[in-house]
Structure formats: C-alpha cells, structure tokens
Amino acid sequence: MAFQEDEFFGSLYKDNYDLMIKISFRLTGDIELAQDLTQETFALALFNMRKLRGHENPAGWLVITLRNMINNERRRSIFRRHISLEELPIEPGTYDDISIEELLPGKLSDEDKEILRLRFEKRLDYKEIAALLGITESGCRSRLSRALAHCRELMK
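Conventions we followed
Every chain's residues receive numbers from 1 upward, in the order its sequence appears when written. Whole-chain, interface and lining totals are the exception, using all residues; otherwise, since this is a predicted model, local features are given only for residues with pLDDT of at least 70 and side-chain atom pairs are given and counted only at 80 or more. Side-chain calculation: all heavy atoms of the structure are included, whereas hydrogens and water are not. In this description a helix means any DSSP run of H or I spanning at least four residues, a strand means any run of E spanning at least two, and both kinds are numbered starting from the N terminus. Relative accessibility decides the category of a residue: with a 1.4 Å probe and only protein chains considered, values under 20% of the type maximum give buried, values over 50% give exposed, and everything between is partly exposed. Between two residues, a contact is recorded if the distance between any of their heavy atoms is within 4.5 Å. Working definition of accessibility: Shrake-Rupley area with a 1.4 Å probe, residue cover restricted to the visible protein chains. To get an axis, fit a line to the C-alpha atoms, keeping to the stretch in contact for a helix; angles then go from 0 to 180 degrees between the N-to-C directions. Handedness of each helix crossing follows the sense of rotation of the near helix against the far helix: counterclockwise by less than a right angle gives left-handed, clockwise gives right-handed. Amino acids outside the nonpolar list (Ala, Val, Leu, Ile, Met, Phe, Trp, Tyr, Cys, Pro) and the charged list (Asp, Glu, Lys, Arg) are all regarded as polar, and Gly is one of them.

Asks: Residue-level account of the overall build of the chain, with values.
Replies: A count of helices and strands for the chain gives eight helices and zero strands. Per-residue burial for the chain yields a buried fraction of 33% across its 156 residues. Within the chain, counting contacts between residues at least 6 apart in sequence, those at least 24 apart form 54% of the total. Accessible area of the chain: about 10,800 Å², with a carbon and sulfur share of 53%.

Asks: Kindly report on helix α6 (residues 110–121), identifying the contributing residues and their values.
Replies: Within the span of α6, buried status applies to Asp 112, Lys 113, Ile 115, Leu 116, Arg 117 and Leu 118. At the exit of α6 stands Arg 123, carrying a positive phi of roughly 60°.

Asks: How would you explain the side chain of Ser 24 if you had to name every residue and give the values?
Replies: Tracing the backbone through its elements, the reader meets Ser 24 in helix α1 (residues 2–28). With near-sequence residues (within four places) excluded, Ser 24 lies in contact with Gly 29, Leu 33, Ala 34, Leu 37, Thr 38, Leu 66 and Ile 70.

Asks: Explain the packing of α6 against helix α7 (residues 126–133) to me, using residue names and the numbers behind them.
Replies: Running from amino to carboxyl end, α6 crosses α7 at an angle of 140°, the nearest separation of the two axes being 10 Å. In terms of crossing hand, the pair formed by α6 and α7 is right-handed. Residue-level inspection shows Ile 115, Leu 118 and Arg 119 of α6 in contact with α7, the latter providing Tyr 126, Ile 129, Leu 132 and Leu 133. When grouped by side-chain class, the residues that make up the contact of α6 with α7 number six nonpolar, no polar and one charged.

Printed below as a string of structure tokens:
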C-alpha cells in the first residue's frame, strides 16, 4: 500500500507542480512565496494522502488548498509590519553568536534541526542543502516545509 501511495503522490506532484507554481506566482507576485506555498500544499497533500486518494479530483483539491493557503497568507501579512534594518532598535549582528539550535524547540527532531540550521544559520539555498543531504531540490523544499510545520506545532 505504501508503494502505491508513493507512486500516486509522485505522479500527482509531477503532473501538477508547474501549474501550482504558476497559479501561486500569479496570485502572490513573489516567486519564493509561491514556491513555499506550493510546497506547503504538497506537504498537506502528503499528510492527507488517504483522503486524497479517494477524492474524485485530486488536482482540484490541490488548487483549492493552494488558494486557501494564499488567502491565509494574505490575511496574516496584513498584520505583519515590514521595517527596514535602519529602523531596528538593535544593531545588526548583535545576536550573531546565538545558534539557531538555541532558539528551536528541544523536542524537534535532529533531522528537522539540521535542515533548519543549514537554511537559516548557514544561509544555504535549496540546491546547496539538497546536495549536502543527498536529496532532490524539491525533496529539500518539502523537508524544510515539514520541519517548519513541526517547529510551529511545538511552539504553540
């Protein structure tokens, strides 16, 4: 059964990824945000695989889920204040000596901590992280999305 689910998900991903990026980019105007939201949508699809396999239109489920995620992001962004570095009340670099692991929840898995450290502490891009971990770039994005979701859950 797991092989069939992997095959189903792989096919769903391959057949719909480009469309999802195009929709997301058209609605957000930000390629990085579009990629992140698309990856988060596929992470949700993976989480809901049993329900999705029985859905009459899995591609439609993906598009509707993506649109909901974009709408949620828009609502959240209304409450975010964007400030420049000059407006910060502290000097840049003040906290450079604090590692990201000190800020992460202790119950986060070592795998999640590692990918978050590579992305946010080492500031490596997806391609570099994928090469280090021996995974595909899309696998890297998916793993990073899952790690961020785990982190959010543990910080609630």
